[in-house]
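# Architecture at a glance
Here is how the chains run, residue by residue.
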Amino acid sequence: MKDKHLHILAFGAHADDVEIGMAGTIVKLASQGKKIGICDLTDADLSSNGNVMIRKEEAARAADILDVSIRTTLGFPDRGLLLNEEYIRKIADVIRTLKPEVVFAPYFEDRHPDHGNCARLVEEAVFSAGIRKFKTDGCADPHRVKRVYFYMINGFHTPDFTVDISGFIDKKLAALRAYQSQFELSEQSFDTPLVNGYIETVEARERMFGKLVGVTYAEGFKAKVPILLKHDLIGE
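Below or above, wherever it landed, is the structure these notes cover. Predicted model, so just to flag it, every value in this text is computed and none were measured. (Residues numbered from 1 in each chain as written. Predicted model: local features only at pLDDT ≥ 70, side-chain atom pairs only at ≥ 80, totals over all residues. Heavy atoms only, no water.)

## What about the overall build of the protein chain?
- Across its full length, the protein chain carries seven helices and seven strands.
- Starting at the N terminus and ending at the C terminus, the protein chain contains elements arranged as β-α-β-α-β-α-β-α-β-β-α-α-α-β.
- The globule rule puts the C-alpha radius of gyration for 236 residues at 18 Å, and the 17 Å found for the protein chain is close to it.
- Projecting the C-alpha coordinates of the protein chain onto the three principal axes gives extents of approximately 50 × 50 × 30 Å.
- Of all intrachain contacts in the protein chain linking residues separated by at least 6 positions in sequence, the fraction that spans at least 24 positions is 82%.
- Total accessible area computed for the protein chain in this model is approximately 11,900 Å², and 52% of it derives from carbon and sulfur atoms.
- Positive and negative side-chain charges of the protein chain, numbering 31 and 35 respectively, have mean locations separated by a distance of 7 Å. (Helix = DSSP H or I, 4+ residues; strand = E, 2+ residues; numbered from the N terminus. Rg over C-alpha atoms; globule rule 2.2 N^0.38 Å. Contact = heavy atoms within 4.5 Å. Areas by Shrake-Rupley, 256 points an atom, 1.4 Å probe, with all protein chains shown as cover. Lys, Arg positive; Asp, Glu negative; His and termini not counted. Charge placed at Lys NZ, Arg CZ, Asp CG, Glu CD.)

## Quick word on a nonpolar patch on the surface
- Where nonpolar side chains cluster on the molecular surface, the patch consists of Phe156, Met208, Leu212 and Val213 and spans about 390 Å² of accessible area.
- With respect to the helices and strands, the residue methionine 208 is situated in helix α7 (residues 198-213). (Patch = residues over 30% accessible without salt bridge, like charges linked within 9 Å, V, L, I, M, F, W, Y side chains within 5 Å. Salt bridge = Lys/Arg side-chain N within 4 Å of Asp/Glu carboxyl O.)

## Things to note about α7
- For α7, spanning 16 residues, the distance from its first C-alpha to its last is 23 Å, which sits close to the expected 22 Å at 1.5 Å a residue.
- Within the span of α7, buried status applies to Tyr198, Ile199, Val202, Arg205, Glu206, Phe209 and Gly210. For α7, the angular spread of the buried residues around the axis is 140°, confining them to a single face. Within α7, the exposed residues directed more than 90 degrees away from the buried face are Thr201 and Lys211.
- Those residues of α7 that are buried lie in contact with α1 (17-31), α5 (169-177), α6 (180-183) and β7 (218-223).
- Glycine 214, located one to two residues past α7, shows a positive phi value of around 85°. (Expected span 1.5 Å × (residues − 1). Buried < 20%, exposed > 50% of the residue type's maximum accessible area, 1.4 Å probe, protein only. Arc of directions from axis to C-beta.)

## Looking at the nonpolar core
- Residues Met22, Ile26, Phe104 and Phe183 are the most contacted members of the largest nonpolar core, which totals 39 residues.
- Ranked by residues supplied to this core, first place goes to α1 with seven residues.
- Grouped together as the second largest cluster of nonpolar side chains are 31 residues, Phe76, Val94, Ile95 and Val122 included. (Core = buried A, V, L, I, M, F, W, Y, C linked by side-chain atoms within 4.5 Å.)

## Comments concerning the packing of aromatic side chains
- Scanning the model with the defined rule gives 10 aromatic pairs in all.
- Aromatic side chains phenylalanine 76 and tyrosine 87 sit 4.1 Å apart centroid to centroid with 20° between the ring planes, which places their arrangement in the stacked category. Of the two residues, phenylalanine 76 is situated in strand β3 (residues 70-76) and tyrosine 87 in helix α3 (residues 85-98); the sequence distance between them amounts to 11 residues. Of the two residues examined, phenylalanine 76 and tyrosine 87, each falls in the buried class.
- Taking 6.5 Å as the distance between ring centres and 75° as the angle between the ring planes, the aromatic pair formed by tyrosine 107 and phenylalanine 108 counts as edge-to-face. (Phe/Tyr/Trp six-rings, centres within 6.5 Å; stacked < 30°, edge-to-face > 60°.)

Structure (C-alpha cells):
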C-alpha cells in the first residue's frame, strides 16, 4: 500500500458498515473530485450469511459504485476487536500511509459491539498516528488528522450535523444491494435482521434525517467537537 493523500478515510468493522452509514456522502464527495478510502478492520468471517470470498467481491463492487479510491482490509478477527496496542499500531500505520484529512468511524452506541469497539480503536489510532515517537510497522511519517466524525449503522440518534444526499440516494442503495449475501433473502439465507427489509429501513432513516433539515434524503453524523460552519449559517 503506497503512500497516498486522501481527503477522507472511513473505517468500518465489517465490509458494508461504511456503506450503511455514509455511502451517500462518499459518492457525493467523490463526484466533487475528493479522494476517499475505506478500511475494513475484519473480513466479517463470522457473518451468518455468505463467506469471506463472497464478502470481498461484494465490497469491491460497492467500492466501484461509490468511486472509492482505495479499499483495504486489516483482517482482524471478527468479534475480536479488542482494545490492544497491536491493533492500534496497525490502524495508525494505515492512517500514516493514506494521510487522510478527515477520518470517519462507526458511532459508539450500536447494538453490535464490534461497531463501538471499532470506533474506540480508530480514535486511539488517530491520536497515536500523530505522535512522532509512536512506532508502527511501516515507515510513513507521523500524520495528524484534522477531524474525526462518526456515522450511524444501527439505530437512530440525533445527529450533530447532516449531509444532503438527495441526489445520491440511488447510488447508496445500489452499493448496499451489492451485498446480496447480507441483505437479500434467499432459500439459503440464515434468518437475521439484515435479510428482513434492512435496506428499506436505512432508506427510511435517511429520509427522516432529510425531513429534519428540509431536504429529501440526508445522512446524519456525530461529532465530539463543535462544527465550524462556513457556507450554511444562513442557508446559502
